[in-house]
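# Architecture and fold: a report
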Amino acid sequence: MSAIRIVSTGRALPGKVMTNDDMSKIVDTSDEWISSRTGIKQRYFCDGEMNWQLAVESARKAIEKGDIDINEIGMVIVATFSPDYAFPSVACLVQKELGLRNDIMAFDLNAACTGFLYALNVAEGILNSSGEKYALVIGSEQISTRLNMEDRNTCVLFGDGAGAAVIEKNVTANYATVMGSDGNTTALICPGQAMENQYIDMDGKKVFKFAVSTVGNVINELLEKTDKTIQDIDYVICHQANERIIKTIIKQFDCETDKFYMNMSQYGNTSAASIPIAIDEMYEKGLLAKGKTIIMVGFGAGFTWGGMLLEC
Ligand SMILES: CC(C)(COP(=O)(O)OP(=O)(O)OC[C@H]1O[C@@H](n2cnc3c(N)ncnc32)[C@H](O)[C@@H]1OP(=O)(O)O)[C@@H](O)C(=O)NCCC(=O)NCCS
């Protein structure tokens, strides 16, 4: 079955660390409230860095780690809802900065926090219908520019960062995808350029309910499609929005807690970057040796959702 494999990964974070105590100097909040409701301890905010620069740094690391010949990279897809410019895309800036070939597509894709999963799915389709060897898929966000720093309901939850993966074709039965969207405009919205403000607005409880019901369904569908059980899966990497969301999902499955990787304590919710950042950390820790089977699940504004079961 045509599938993809992750060849190498990289991540990039801006220099400014904001702890929960730092946030409590900006809005009426506390480390206790944020930690207990979300599991988040700190996040990174850009302080002069731009989205495309984070994307480039993460991609450069992935290319170096995989010892990739850049002339064999056949497309660049950047998942982001917070590009520096309406155009050119972040992907075009990455292509230029890294000196990639000019005869390839470079484009951004916006599926909010599900963006990286959508981008992997699109890259799989293009790789398998072209003669290209590698795709460079990046999730990169500068969410701090879209945060109302007077709204404690949202500003404590998010962070900036980027994660990149070089992927290639694979042939394996250990592969399945599930993707969806429904057009919800009331629970989680970030107004566009023509609007009065461009700040994230969220009904946290509605998003929570959506997340815990959808992610479980996506995992079950992936397992059904591949005739597997949760015991056959080495790790589940969910979008790192909130520890309570992931702990609620774990209860739906008969498995050990540490099968579900979590790192939001360090980064907050980095939207499309959260899954590739997590994957990069996991490779560094030696958790994703060749042959391991993982499930990645994204969920976010749109609403959008996406899951992928693949073999490392
Ligand atoms: C956002 C979230 C943590 C809020 O938790 P909650 O238990 O639903 O909290 P509530 O919204 O009921 O708020 C409870 C109280 O805490 C307050 N509160 C909200 N943010 C706060 C903060 N940062 N610090 C202190 N108090 C805060 C609220 O104002 C409310 O006060 P009130 O009762 O006096 O009105 C939770 O709804 C959530 O995780 N939702 C999902 C969000 C998400 O992951 N979004 C991204 C998806 S991609």
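Residues numbered from 1 in each chain as written. Predicted model: local features only at pLDDT ≥ 70, side-chain atom pairs only at ≥ 80, totals over all residues.

## Brief notes about the sheet that holds strand β1 (residues 2-12)
- Taken in spatial order, the five strands of this open sheet run β1-β7-β6-β4-β5, and their pairing is mixed. Because the sheet does not close on itself, it has two edges, and the strands there are β1 and β5 (105-109). Within the sheet, the average angular offset between the axes of one strand and its neighbour, ignoring direction, is 20°.
- The pairing of β1 with strand β7 (residues 161-171) spans ten bridges and is antiparallel. The partner of Ile 4 across the bridge, within β7, is Lys 169. (Pairing = 2+ DSSP bridges. Helix = DSSP H or I, 4+ residues; strand = E, 2+ residues; numbered from the N terminus. Axes fitted to C-alpha atoms, helices over the stretch in contact; angles between N-to-C directions.)

## With respect to unusual backbone geometry
- Cis peptide bonds are those with omega within 30 degrees of zero, and the linkage from Phe 87 to Pro 88 qualifies with 5°.
- By the secondary structure assignment, Pro 88 is in the loop between β4 (73-79) and α4 (90-98).
- For the peptide bond that leads from Gly 302 to Phe 303, omega is -25°, which places it in the cis range.
- Within the element layout of this structure, Phe 303 appears in the loop between β12 (293-300) and β13 (304-311).
- Here Asp 67, not a glycine, exhibits a phi torsion of approximately 50°, which is positive.
- One can find Asp 67 in the loop between α3 (51-65) and β4.
- On the neighbour-count criterion, Asp 67 (8 C-beta atoms within 10 Å) is exposed.
- Of note in this structure, Asp 227 is not a glycine but carries a positive phi near 60°. (Buried ≥ 20, exposed ≤ 12 C-beta atoms within 10 Å, placed from the backbone.)

## Quick look at the environment of Gly 131
- If you trace the backbone, Gly 131 turns up in the loop between α5 (115-129) and β6 (134-141).
- Put simply, Gly 131 and Gly 163 are 32 residues apart on the chain and 25 Å apart in space, counted from C-alpha to C-alpha.

## Side note on helix α10 (residues 274-284)
- Counting buried residues in α10 gives eight out of eleven residues, a clear majority hidden from the surface.
- Ser 274, Ile 275, Pro 276, Ile 277, Ala 278, Ile 279, Asp 280 and Met 282 are the residues of α10 that are buried.
- Following α10 by one or two positions, Gly 286 adopts a phi angle in the positive range, close to 75°.

## Considerations on the sheet that holds β13
- With respect to topology, four strands assemble into an open sheet ordered β8-β13-β12-β11, the strand pairing being mixed. Strand pairing shows two members of the sheet lacking a second neighbour, β8 (176-181) and β11 (235-238), which therefore form its edges. This sheet shows a mean twist of 10° between the axes of neighbouring strands, independent of strand direction.
- As judged from the eight bridges shared by β12 and β13, these two strands associate in the antiparallel manner. Across the sheet, residue Gly 298 finds its bridge partner in β13, namely Gly 306.
- This element, α10, spans β11 and β12 of the sheet and lies at about 145° to β11. (Contact = placed C-beta atoms within 7 Å.)

## As for the domain arrangement of the protein
- In terms of domains, the protein is made up of domain 1 (2-171) and domain 2 (176-311).
- A separation of 15 Å is found between the C-alpha centroids of domain 1 and domain 2.
- Taken together, the contact between domain 1 and domain 2 spans 48 residues of the former and 45 residues of the latter.
- Mapped onto the side of domain 1 that touches domain 2, the elements with two or more residues apiece are β1, α2 (31-38), β3 (42-45), α5, β6, α6 (152-155) and β7.
- The greatest single-element share of the side of domain 1 that touches domain 2, amounting to seven residues, is contributed by β1.
- Considered class by class, the residues forming the side of domain 1 that touches domain 2 number 22 nonpolar, 18 polar and eight charged. (Domains from an automatic or database assignment. Nonpolar A, V, L, I, M, F, W, Y, C, P; charged D, E, K, R; others polar.)

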